[in-house]
Amino acid sequence: MVATRTAVVVVGAGPAGLTVANLLRRAGIGCVLLEQESRAFIEQRPRAGFIEEWAVRGLEERGLGEQLVAKAPRHEKFEFRFAGRRHAFHYGDVTGQRHFVYPQQLLVTDLVAQYTDAGGEAVFEVSDVRLHDLTSDSPAVTFRTAEGEQRIDCDFVAGCDGARGVSQSYLPPESTVKSHHDYGIGWLALLAEAPPSADGVLFGIHPRGFGAHMARTPTVTRFYLQTAAGETEADWPDERVWTELRARLGVPDGPITEGKLIEKRILDMHNYVVEPMAHGRLHLAGESAHLVAPIAAKGMNLALHDAFLLAEAYEAHYAGDPTRLAGYSDACLPLVWQYQEFSLWLSDIFHHTAATGENPFAARIEEARMRRLLGSPAAAAAFAELYIGKNADL
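Below is a short write-up of the structure. (Residues numbered from 1 in each chain as written. Predicted model: local features only at pLDDT ≥ 70, side-chain atom pairs only at ≥ 80, totals over all residues. Heavy atoms only, no water.)

Considerations on the overall build of the chain
Stated precisely, the cut-off is as follows: Note on conventions: DSSP H or I runs of at least 4 residues are helices, E runs of at least 2 residues are strands, and numbering of each starts at the N terminus. Radius of gyration here is computed from C-alpha atoms only, and the compact-globule reference equals 2.2 Å multiplied by the residue count raised to the power 0.38. Burial classification: accessible surface area is computed with a 1.4 Å probe over protein chains only, and a residue below 20% of its type maximum counts as buried, one above 50% as exposed, and the rest as partly exposed. By definition in these notes, contact holds between two residues if any of their heavy atoms fall within 4.5 Å. For the accessible areas, the method is Shrake-Rupley and the probe is 1.4 Å, while residue cover comes only from the protein chains on display. Under the convention used here, Asp and Glu are negative, Lys and Arg are positive, and both His and the chain ends fall outside the count. For the purpose of locating charges, the reference atoms are NZ of Lys, CZ of Arg, CG of Asp and CD of Glu.
In terms of regular secondary structure, the chain is built from 12 helices and 21 strands. Relative to the 2.2 N^0.38 estimate, which gives 21 Å for 394 residues, the radius of gyration of the chain is 22 Å and therefore close to what a compact globule would have. For the chain, with 394 residues in total, the buried portion stands at 53%. Sequence separation of at least 24 residues holds for 71% of the intrachain contacts in the chain that already meet a minimum separation of 6. Only carbon and sulfur atoms are counted for the fraction: they give 50% of the accessible area of the chain, which is about 16,600 Å². Between the centroid of the 37 positive side chains of the chain and the centroid of its 51 negative side chains there is a distance of 5 Å.

Laid out in structure tokens, this is it:
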């Protein structure tokens, strides 16, 4: 076994892990980044990319957002399509803030390059990752590569390896609460080789189910369709997909442009939060600690919020102040729960109109909420601030 030592081992090279690793390197704190997949894989894996302005400014202020700010399109409005009509919602006018559209794989590519080009140590394609002695002063991480088994002794482990990673499993069940919510539906995520049908986001609220349109490039469009629980991609041949997109998103003056479907993937709609987000010398960030369904496009933003706070807490520790690390979980969780609440509320707006046959009362209540949102400036302002995350406190 090859043994080495560093200050912090970061497990997982997603937005959270890469942000933490970059900030530690810039602060002169020793760090090794471990990733199960290859570098080529994580730089090409398609993921959503709505980044709120506070998160973009946080990256920019820390020297990590140059490419994003230079290249990302900005969105400051979207459109509800409801009851056969178009309803534009200009949240930028209300909040003064925008979304930056930058698919996660592009941000990952930028952050990997910044870390490795500056001499940061990263090990890709690792397996059998195990964490050891997390409640001691000398934790360690062991793993395998093509060269054999390796061990890194460290001061801390940053668990940023997501919902399917190993880090979360090291939280002791007797002192950990994992709160979970299942929406009871799925979303069919689609990529189409088709020009966007609008210059921004469309949210279709329809008795047949929710639909969404998100412009990606001049020739590629992302779509989502609400599906019943248990449905698979095989239940959605191309003809059915386009029939439902036309029904849920089309309006007389706003047809849907069709094209070749190049991705179909069913997403299970559920949320969870792990509390506390730490155990001994292990600190979780991103989807290792909490998952929010893509209903409100909050996941990557929360991952960046965690990463900023965690990196700053490590820096404070090495500067002689241990209180930031001790309070890390408590600092993260208010925004986590704020975004969870908004996701749940928005889900009611998006999905329950489709319940007309099962629960007409609930469906009509959601229609009333939609009318209030579209007709009340006060309701619109409150919604806009949560939608853009304007109150995120860094």
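Digging into the packing of aromatic side chains
Formally: Pairing of aromatic rings covers Phe, Tyr and Trp, the last counted by its six-membered ring, and requires centre-to-centre distances within 6.5 Å; plane angles under 30 degrees mean stacked, over 60 mean edge-to-face, and any other angle means tilted. A ring is considered to have a charge above it if a Lys NZ or an Arg CZ atom is located within 6 Å of its centre and within 35 degrees of its normal.
Applying the stated criterion across every chain, the model contains 23 aromatic pairs. Aromatic pair F210 and F350: ring centres 4.3 Å apart, planes at 20 degrees, arrangement stacked. Here F350 lies in helix α10 (residues 328-351) and F210 lies in the loop between β15 (201-205) and β16 (211-215), a separation of 140 residues in the sequence. Grouping residues by exposure puts F210 and F350 together as buried. Its end group placed over the ring of W236, R240 keeps NZ or CZ at 3.6 Å from the ring centre. Taking NZ or CZ as reference, K298 lies 4.1 Å from the ring centre of Y339, over its face.

Some words on the sheet that holds strand β1 (residues 2-5)
What counts here: One bridge is not enough; two strands pair if DSSP finds at least two bridges between them. Inter-axis angles, ranging from 0 to 180 degrees, are taken between N-to-C directions of lines fitted to C-alpha atoms, where helices are fitted over the stretch in contact.
The sheet built from 4 strands is open, its strands ordered β1-β12-β11-β10 with mixed pairing. With partners counted over all chains shown, the strands left at the sheet margins are β1 and β10 (127-132), one partner each. The sheet shows a mean angle of 20 degrees between the axes of neighbouring strands, direction not considered. Relative to strand β12 (residues 148-153), β1 runs parallel, the two sharing 4 bridges. Across the sheet, the residue bridging to V2 is Q150, located in β12.

Brief notes about the pairing of strand β14 (residues 177-193)
Of the pairings in the sheet, the one linking β14 to strand β18 (residues 260-275) comprises 14 bridges and is antiparallel in character. The residue of β18 that forms the bridge with A192 is L261. As paired strands, β14 and strand β17 (residues 221-228) are joined by 8 bridges and run antiparallel to one another. Bridge assignment links L191 to a residue of β17, and that residue is R222.

Structural notes on the pairing of β17
Counting buried residues along β17, 7 of its 8 residues qualify, which places the element largely inside the surrounding structure. As paired elements, β16 and β17 share 5 bridges and run antiparallel to each other. The residue bridging M214 from the neighbouring strand is R222, located in β17. The turn linking β16 back onto β17 is made up of 5 residues.

A short note on the side chain of R248
To keep things clear, this is the line we draw: Within 3.5 Å is the distance limit for a polar contact, defined as a pair of N or O atoms, with the added protein rule that one can donate a hydrogen and the other accept it, and that residues adjacent in sequence qualify only through two side-chain atoms.
Tracing the chain through its elements places R248 in helix α7 (residues 238-249). Within the local environment of R248, its side chain forms a polar contact with the backbone oxygen of F210, the two atoms lying 3.0 Å apart. In this structure, R248 is in contact with G204, I205, H206, R208, G209, F210, G211, L225, Q226 and W236, ignoring residues within four places of it in sequence.

Section: the packing of helix α1 (residues 15-26) against helix α6 (residues 104-117)
This is how the line gets drawn: Roughly parallel means an angle under 35 degrees; roughly antiparallel, over 145; roughly perpendicular, 65 to 115; everything else is oblique. Rotating anticlockwise by less than a right angle from the far helix to the near helix defines a left-handed crossing, while the corresponding clockwise rotation defines a right-handed one. In this classification, Asp, Glu, Lys and Arg are treated as charged, Ala, Val, Leu, Ile, Met, Phe, Trp, Tyr, Cys and Pro as nonpolar, and every other residue, Gly included, as polar.
Where α1 contacts α6, the two axes come as close as 10 Å, and the packing angle between them is 25 degrees. Taken together, the axis directions place α1 and α6 in an arrangement best described as roughly parallel. Of the two elements, α1 crosses α6, and the hand of that crossing is left-handed. Contacts between α1 and α6 involve P15, L18, T19, A21, N22, R25 and R26 from the first element and Q104, L107, V108, L111, V112, Q114 and Y115 from the second. Within the contact of α1 with α6, the residues separate by chemical class into 8 nonpolar, 4 polar and 2 charged.

What to know about α6
The condition that has to hold: Between the first and last residue of a helix there are one fewer steps than residues, each counted as 1.5 Å, and that sum is the expected span.
Across its 14 residues, α6 extends 20 Å between first and last C-alpha, which sits within 8% of the 20 Å expected from 1.5 Å per residue. Listed as buried for α6 are Q104, Q105, L107, V108, D110, L111, V112 and Y115. Immediately downstream of α6, the backbone of G119 shows phi near 95 degrees, a positive value.

Things to note about the packing of α10 against helix α12 (residues 377-388)
Interaxial distance between α10 and α12 falls to 10 Å at its minimum, and their mutual angle equals 120 degrees. What the angle tells us is that α10 and α12 run oblique. Crossing of α10 against α12: the hand is left-handed. Here Q338, F342, W345 and L346 of α10 lie close against α12, whose contacting residues are F383, L386 and Y387. Residues belonging to the contact of α10 with α12 are distributed by class as follows: 6 nonpolar, 1 polar and no charged.

Observations concerning the environment of G389
Structurally, the position occupied by G389 is in the segment after α12. Counting along the chain gives 100 residues from G389 to A289, while the straight-line C-alpha distance between them is 19 Å.

Quick notes on the pattern of salt bridges
This is how the line gets drawn: Basic side-chain nitrogens of Lys or Arg form a salt bridge, by our definition, when they fall within 4 Å of a carboxyl oxygen of Asp or Glu.
Applying the stated criterion across every chain yields a total of 24 salt bridges. For the salt bridge of R57 with E53, the shortest nitrogen-to-oxygen distance reads 3.5 Å. Residue R57 and its partner E53 are located together in helix α3 (residues 53-61), separated by 4 residues, close to a single helical turn. Assessed through its relative accessible area of 24%, R57 is described here as partly exposed. Note on E53: relative accessible area 11%, which makes it buried.

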